[in-house]
Amino acid sequence: MNKRALAFLLTGLMAMPALAVDGYFVEAGGGDDLRAVRVGMVRQWQRQWLDEGRWHLTGYWEASLAQVESDQPAGKSAVDIGFTPVFRFRPNASGGTQPYWDVAVGLHVLSREKLDSKHDLGGTVQIAPLVGVGVTFGEKSQYDLGYRFQHQTRLDDDQDTLDLHQVRLTYLY
């Protein structure tokens with residue numbers, strides 16, 4: 001395991017409470033003989049871009065902890081620590097029901113390289129691009145229900161990958 005990457009991720013996770021966490025989330029899903037459950041916290045950005053029309057671009061920081069488990073015979077599980085800046089494209093309205101699109105690339109550290117014969121990741125440090133769609137709802141848009149597809153791999157991409165389809169529920173203060 002790359003000690004610098006682990007130190008970076010742990011520092012980011014520990015710093016999140018000091019950054020006034022805006023909310024928490026839970027995700028569940030899987031794919032390709034894998035199951036995953038993820039929990040985490042978010043800190044929204046105070047910036048908006050491209051806000052001259054009806055939509056704008058904004059985002060948030062996300063720190064997460066997950067359990068990824070193989071469904072294969074003799075499959076193992078791994079702990080996944082992640083830190084991700086997420087860009088969100090959403091309407092300029094607040095409150096009520098609002099759609100959104102998420103795009104991100106995160107850094108993840110797993111507790112093991114090999115989950116089974118089909119998922120030999122070749123290393124514990126992974127990048128994880130993702131795309132998501134969803135809807136915020138509630139009086140202050142404090143609830144968020146969405147779908148994400150995450151492709152987790154090494155930079156050299158010579159090894160197997162983790163492809164996860166996930167349903168996500170977020171509560172924002």
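Anything mentioned here points back to the structure above.
Residues numbered from 1 in each chain as written. Predicted model: local features only at pLDDT ≥ 70, side-chain atom pairs only at ≥ 80, totals over all residues. Heavy atoms only, no water.

**Q** Is there a simple way to think about unusual backbone geometry in this case?
**A** Apart from glycine, the bulk of residues carry a negative phi angle, and the bulk of peptide bonds sit in the trans form. A positive phi is found at Asp33, a non-glycine position, where the angle reads about 65 degrees. Counting through the fold element by element, Asp33 comes out in the loop between β1 (23–30) and β2 (34–44). Overall, Asp33 belongs to the partly exposed group, its relative accessible area being 32%. Of note, the phi angle at Ser141 is positive, near 55 degrees, even though the residue is not glycine. (Helix = DSSP H or I, 4+ residues; strand = E, 2+ residues; numbered from the N terminus. Buried < 20%, exposed > 50% of the residue type's maximum accessible area, 1.4 Å probe, protein only.)

**Q** What is the right way to read the packing of aromatic side chains from this model?
**A** Any pair of aromatic rings gets described here by the distance separating the centres and the angle formed by the planes. This model, assessed by the stated rule, comprises 12 aromatic pairs. When the ring of Trp55 is compared with that of Trp101, the centres are 5.1 Å apart and the planes differ by 45 degrees; the resulting orientation is tilted. Note that Trp55 is positioned in strand β3 (residues 55–70) and Trp101 in strand β5 (residues 98–110), a separation of 46 residues in sequence. A relative accessible area of 41% places Trp101 in the partly exposed class. (Phe/Tyr/Trp six-rings, centres within 6.5 Å; stacked < 30°, edge-to-face > 60°.)

**Q** Which parts of the structure should I look at to understand the sheet that holds β3?
**A** Across a sheet, strands are paired by hydrogen bonds formed along the backbone, either parallel or antiparallel in direction. Within the closed barrel, the eight strands sit side by side as β1-β2-β3-β4-β5-β6-β7-β8. Their pairing is antiparallel. Neighbouring strand axes in the sheet, compared pairwise and without regard to direction, differ in orientation by 25 degrees on average. Where β3 meets strand β4 (residues 77–91), 15 bridges bridge the pair, whose relative direction is antiparallel. Each residue of the ladder has a partner; that of Leu65, found in β4, is Ile81. (Pairing = 2+ DSSP bridges. Axes fitted to C-alpha atoms, helices over the stretch in contact; angles between N-to-C directions.)

**Q** What am I meant to see in the side chain of His56 here?
**A** Within the secondary structure layout, His56 lies in strand β3. Judged by its relative accessible area of 5%, His56 is buried. Within the structure, His56 has its side chain in polar contact with the backbone oxygen of Pro91 (distance 3.5 Å). Setting aside residues no more than four positions away along its own chain, His56 makes contact with Gln48, Trp49, Leu50, Asp51, Arg88, Phe89, Arg90, Pro91 and Asn92. (Polar contact = N/O pair within 3.5 Å; in protein donor to acceptor, adjacent residues only side chain to side chain. Contact = heavy atoms within 4.5 Å.)

**Q** Mind showing me how you'd approach the pattern of salt bridges here?
**A** Once the charged atoms of two side chains with opposite charge are near each other, the side chains can pair. Evaluated as defined, the whole model comprises 14 salt bridges. Here Arg88 makes a salt bridge to Asp144, at a shortest N to O gap of 3.0 Å. Here the residue Arg88 occupies a position in strand β4, and Asp144 occupies one in strand β7 (residues 143–152), the gap between them amounting to 56 residues. Assigned by exposure class, Arg88 and Asp144 land together as buried. Because the salt bridges share partners, they merge into one network encompassing Glu27, Arg38, Glu62, Asp80, Arg88, Asp102, Asp144, Arg148 and Arg168. (Salt bridge = Lys/Arg side-chain N within 4 Å of Asp/Glu carboxyl O.)

**Q** Any chance you could explain the environment of Gly96 here in plain terms?
**A** Within the element layout of this structure, Gly96 appears in the loop between β4 and β5. The sequence separation of Gly96 and Val135 amounts to 39 residues, and the corresponding C-alpha distance is 9.8 Å. Among all residues touching Gly96, those that are not within four sequence positions of it are Thr136, Phe137, Gly138, Glu139 and Ser141.

**Q** Explanation requested: the side chain of Arg148 in the structure shown.
**A** Residue placement: Arg148 occurs in strand β7. A polar contact is formed between the side chain of Arg148 and the side chain of Glu27, at a distance of 3.2 Å. Here the side chain of Arg148 touches Glu62 through a polar contact of 3.0 Å, side chain to side chain. Setting aside anything within four residues of it in sequence, one finds Arg148 in contact with Glu27, Tyr60, Glu62, Val86, Asp102, Leu130, Val131, Gly132, Leu164, His165, Gln166 and Arg168.

Distances and angles like these do not, on their own, reveal function.
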